[in-house]
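# Descriptive analysis of the structure
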Amino acid sequence: MAFFRDFLFSITISLFLTTLCYAGDPTVYLNWEVKYITVAPLGVKQQVIAINKEFPGPIVNVTTNNNVVANIVNGLDEPLLITWNGIQMRRNSWQDGVLGTNCPIPPNWNYTYNFQVKDQIGSFYYFPSTNFQSASGGYGGIIVNNRAVISLPFDEPYGDITMLIGDWYIRNHTSLRRSLNDGKHLGMPDGVLINGKGPYQYNSTFVPDGIDHASFKVEPGKTYRLRVHNVGISTSLNFRIQNHNLLLSETEGGYTVQQNYTNLDIHVGQSYSFLVTMDQNASSDYYIVASPRFVNETVWQRVTGVGILHYSNSKGKASGPLPLGPQDENDKTYSMNQARSIRWNVSASGARPNPQGSFKYGGINVTQVYVLKNKPPVTIKGKQRTTLNGISYVNPDTPLRLADEYKVKGVYTLDFPDKPLTGASRMASSVINGTYRGFMEVVLQNNDTKVQSYHLDGYAFFVVGMDYGDWTENSRGTYNKWDGVARSTIQVFPGAWTSILISLDNVGFWNLRTANLDSWYLGQETYIRIVNPEATNETELARPENSIFCGALKHKQQPYHVGPKSAATSYRSKLLLSFLTLIFAIIV
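What you see is a predicted model; the values in this text were computed from it and never measured.

### Topic: the pattern of salt bridges
Applying the stated criterion across every chain yields a total of 20 salt bridges. In this structure, K419 and D418 form a salt bridge, with 3.2 Å as the shortest nitrogen-oxygen distance. Given the relative accessible area of 34%, D418 is considered partly exposed. One salt-bridge network, held together by shared partners, links D265, R293 and D328.

### What to know about the packing of aromatic side chains
The final tally for this structure, using the stated rule, is 27 aromatic pairs. An angle of 75 degrees between the planes, with centres 5.2 Å apart, marks the rings of W344 and F462 as edge-to-face. A residue pair is termed long-range when its members are at least 10 positions apart, and W344 in the loop between α4 (333-341) and β20 (368-374) and F462 in strand β28 (residues 461-468) qualify at 118 residues. Across the pair, F462 and W344 agree in class, each one buried. Three or more aromatic residues link up through ring pairs in this structure, and these residues are W32, W84, Y111, Y113, F115 and Y126. Here K332 stacks its cationic end above the ring of F294, 5.2 Å away from the centre of that ring. Lying over the aromatic face of W520, R513 brings its terminal NZ or CZ to 4.6 Å of the ring centre.

### Some remarks on the UniProt feature "domain: Plastocyanin-like" (unreviewed entry) in the chain
Taking the numbering used here, the UniProt-annotated feature "domain: Plastocyanin-like" (unreviewed entry) corresponds to residues 34-147, 160-314 and 398-533. The span residues 34-147 shows a helical share of 0% and a strand share of 42%, and its end C-alpha atoms are spaced 31 Å apart. Split by type, residues 160-314 is 8% helix and 44% strand. Its first and last C-alpha atoms lie 20 Å apart.

### Considerations on the sheet that holds strand β31 (residues 496-503)
Across the sheet, 5 strands lie side by side as β20-β26-β31-β28-β29; this open sheet has mixed pairing. With partners counted over all chains shown, the strands left at the sheet margins are β20 and β29 (486-487), one partner each. Pairing geometry for β20 and strand β26 (residues 439-446), over 7 bridges, is parallel. When the bridges of β26 are listed, V371 appears paired with V443. Lying over the sheet, α4 contacts β28 and β31, oriented at roughly 155 degrees with respect to β28.

### Here we look at the sheet that holds strand β11 (residues 215-218)
In space, the 5 strands of this open sheet follow the order β11-β19-β18-β13-β16, with mixed pairing throughout. Two strands close off the open sheet at either side, each with one partner strand: β11 and β16 (264-266). On average, each strand axis in the sheet is inclined to that of its neighbour by 25 degrees, with strand direction left out of account. The pairing of β11 with strand β19 (residues 305-311) spans 4 bridges and is parallel. Counted as the bridge partner of K217 is H310 from β19.

### Section: the pairing of strand β2 (residues 46-51)
Summarising burial for β2: 5 of the 6 residues are buried, a large majority. The turn joining strand β1 (residues 27-39) and β2, which pair antiparallel and follow one another in sequence, is formed by 6 residues; a positive phi near 90 degrees is taken by G43.

### Considering the state of the cysteines
Tallied over the full model, the rule gives 1 disulfide. Each sulfur in the disulfide pair C103 and C550 lies 2.1 Å from the other. Between C103 and C550, the S-S torsion sits near -85 degrees, and that sign places the bridge as left-handed. In this pair, C103 is assigned in the loop between β5 (82-85) and β6 (110-116) and C550 in the loop between β33 (525-531) and α7 (571-587), connecting sequence segments 447 residues apart. There is no split in this pair, since C103 and C550 are both buried.

### A look at α4
An α-helical segment advances 3.6 residues per turn. Residues three or four places apart therefore align on the same side. For α4, the complete set of buried residues consists of S335, M336, Q338 and A339. The buried residues of α4 occupy an angular sector of 155 degrees when projected down its axis, which confines them to one face.

### Topic: helix α2 (residues 173-181)
Regarding α2, the residues found buried are H173, S175, L176, R177, S179 and L180. Looking at the buried side of α2, the elements it contacts are β1, β2, β22 (383-385) and α6 (517-521). Positioned one or two residues after α2, G183 has a phi angle of 80 degrees, which is positive.

### Considerations on the pairing of strand β3 (residues 60-63)
Along β3, the buried face is formed by V60 and V62; none of N61 and T63, which line the opposite face, is buried. Sheet topology places β3 next to strand β8 (residues 140-145); 4 bridges connect them, and they run parallel. By the bridge assignment for β8, V62 is matched with V144.

### As for the side chain of D328
Summarising the element assignment, D328 is placed in the loop between β19 and α4. Apart from the residues within four sequence positions on either side, D328 is in contact with R293, F294, Y334 and S335.

### Description of the environment of G495
Looking at the secondary structure, you find G495 in the loop between β30 (489-492) and β31. Take G495: its relative accessible area is 39%, and that puts it in the partly exposed class. Separated by 445 residues in the primary sequence, G495 and A50 place their C-alpha atoms 38 Å from one another. Apart from residues lying up to four places away in sequence, G495 is in contact with N446, D448, Y468 and G469.

Here is what the cut-offs are and how they apply
Residues numbered from 1 in each chain as written. Predicted model: local features only at pLDDT ≥ 70, side-chain atom pairs only at ≥ 80, totals over all residues. Heavy atoms only, no water. Salt bridge = Lys/Arg side-chain N within 4 Å of Asp/Glu carboxyl O. Buried < 20%, exposed > 50% of the residue type's maximum accessible area, 1.4 Å probe, protein only. Phe/Tyr/Trp six-rings, centres within 6.5 Å; stacked < 30°, edge-to-face > 60°. Helix = DSSP H or I, 4+ residues; strand = E, 2+ residues; numbered from the N terminus. Lys NZ or Arg CZ within 6 Å of the ring centre and 35° of its normal. UniProt positions renumbered as here; feature names shortened; annotations may be inferred. Pairing = 2+ DSSP bridges. Contact = heavy atoms within 4.5 Å. Axes fitted to C-alpha atoms, helices over the stretch in contact; angles between N-to-C directions. Disulfide = S-S within 2.5 Å. Arc of directions from axis to C-beta.

As structure tokens, this is what we get:
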């Protein structure tokens, strides 16, 4: 009888776990409480968004094909969503964490994300996707490691370091949001943070006393993998380490041809992995610098992130002037040439043992073409708005994916134009109608005055070309159809275009947006809807039972919520309690 009970218990627990996860792969559980704390990264106390009292939030460290069960308790005073930037959510846009797929988590409620990092490796990050909240933090790094059976295309590094760089304002996100709502520009940021900390005092004129800086201890002679993410609001940053080469190895899940850079421009929303060998002498520490690009450096000099690389046998503090970055405020040719030099490592294995280059994207026929043009903010109905192809996107009260599931009419339209509209701009919930298993070419044309980054959820796309001027049909003659890098966020320089190719094999609603937070907030985004006409659960998972309902479907929402003190009682724990109760009833 005891054997039968033990057997029944083990079977029931297994069944419980498979209700939450994909069977056969390990599961990583996260239990996060998101709430405000007070810190002073630039010397002035301010309210920031922390996760489990950490700012930035904890690093998510997983392995290819792991399942992630992330219970999020919203301890803020406004709704919240967490999105997992670059995680493709295969067959599962339900877990994407943007307003087109999820109702936001109300204050004092929790939501449990449940997804698999299917067939991915690399460096990514998470952040709050609504209400301009990521301007106050709430972000952190994601590491997706190779499975042991697939070797890295380089020697195993001695250590792994995550660096989160980004422009920062002393005003919190609610104040910045009000400025945008009032039609005002945000102005110059107050600084650049590295891992939530202000600059090292390299110069007492620009950096006052009492600023805490980021410091990274390393061992001489060892090679480290540095994962650098620009999690800022709207400023491109040049990243460099004094006297050290940056050997580029990966960007957003795609291994690159390994090339040395003394500095690299990292635009908003982008992630890179560098291999850095600690091959200098230890006479002193070394500067780590993240400085704004394409700005008046005299005016912006105080807006520079400075951290410290500290050898374990260092003999003194870093001193003297910072290493110089590119001196080309009005000429972006250097930066574009850098971007063009980044190539996919077609011989390396990615998440699977076959080479990355086995997918011959250059030989696939394009089935849809969209030329998407942005321009400086315009006034629509008395409000400052940003646009793509003359449309400023409006998030409907009901998420697009839920509207489809319950056949709610009138939530969105499938009429997003494939080229810029003529005439006045307008606001609409207009969506791109993608063709399942189609191959889409998207040309991003930037008619604004600053660099724009674009991110696509659900996919890694191929970057095949970029140049100045207006894109034309003849521009295809310059495309790289062999080893264009695969990534999820790409920059578009002002007065220039960037072209990407996307294999539409992931069913769902996928957000295509500018990563520049101010432009995104004002409407510079859309969604791509991809539906399998056969509608099988092999190409899309069913709606999760814990979905939150809002908008036209709010009547379906159950009045369940948890307070911040009960964060440990997660969705997973409550399900487990139900199963244990069932076991007890059977045994008795």
